[in-house]
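Next come the chains, spelled out residue by residue.
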Amino acid sequence: MAWEVSVDRGSCLGSGICAALAPELFELADERSRARQERIPPDGAALDAADSCPAAAITVREEGRVIGPRR
């Protein structure tokens, strides 16, 4: 089972927190974050990044259900 990771680049502030927490999953491009891959194996670092995003721009889904950010 894979997770889907997306970054709303319009909401992203470009803080780089996600890229610092999970450089294998996120990178900064054009001063905004983006997911390196849209589908990933389950990875707690993706949830941590979604939880830490100051703009709540990262969404993690499992089988279409939002699992991150955790509220």
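Details of the structure are given in the entry above.
Predicted model only: the values in this text are computed from it and were never measured.

Conventions we followed
Residues numbered from 1 in each chain as written. Predicted model: local features only at pLDDT ≥ 70, side-chain atom pairs only at ≥ 80, totals over all residues. Heavy atoms only, no water. Pairing = 2+ DSSP bridges. Helix = DSSP H or I, 4+ residues; strand = E, 2+ residues; numbered from the N terminus. Contact = heavy atoms within 4.5 Å. Axes fitted to C-alpha atoms, helices over the stretch in contact; angles between N-to-C directions. Salt bridge = Lys/Arg side-chain N within 4 Å of Asp/Glu carboxyl O. Buried < 20%, exposed > 50% of the residue type's maximum accessible area, 1.4 Å probe, protein only.

Peer 1: Whenever I open this one, the sheet that holds strand 5 (residues 58–62) confuses me. Can you help?
Peer 2: Strands in a sheet are paired, the pairing made by backbone hydrogen bonds, and the direction either parallel or antiparallel. The strand order across the open sheet built from 4 strands is 4-1-5-6, with neighbouring strands paired in antiparallel fashion. The two strands at the open ends of the sheet, each matched to only one other strand, are strand 4 (39–40) and strand 6 (65–68). As paired strands, strand 1 (residues 3–7) and strand 5 are joined by 5 bridges and run antiparallel to one another. Considered in strand 5, the bridge of Val7 is made with Ile58. Sitting on the sheet, helix 2 (residues 44–52) is in contact with strand 1, strand 4, strand 5 and strand 6, with an inclination near 140° to strand 5.

Peer 1: Even after reading the chapter, I still don't get the pattern of salt bridges, so can you show me in this structure?
Peer 2: Proximity of charged atoms lets side chains of opposite charge pair with each other. Summed over all chains, the structure comprises 6 salt bridges. Across the salt bridge formed by Glu27 and Arg34, the nearest N and O atoms sit 2.7 Å from each other. The buried category is assigned to Glu27, whose relative accessible area is 18%. Assessed through its relative accessible area of 40%, Arg34 is described here as partly exposed. A salt bridge links Arg36 to Glu27; the nearest nitrogen and oxygen atoms lie 3.1 Å apart. Look at the salt bridges and you will find they share partners, linking Glu27, Arg34 and Arg36 into a network.

Peer 1: Which parts of the structure should I look at to understand the pairing of strand 1?
Peer 2: A regular strand carries its side chains on alternate faces of the sheet. Side-chain alternation along strand 1 places Trp3, Val5 and Val7 on a buried face and Glu4 and Ser6 on a face that remains uncovered. Pairing of strand 1 with strand 4, which is carried by 2 bridges, proceeds in the antiparallel orientation. By the bridge assignment for strand 4, Trp3 is matched with Ile40.

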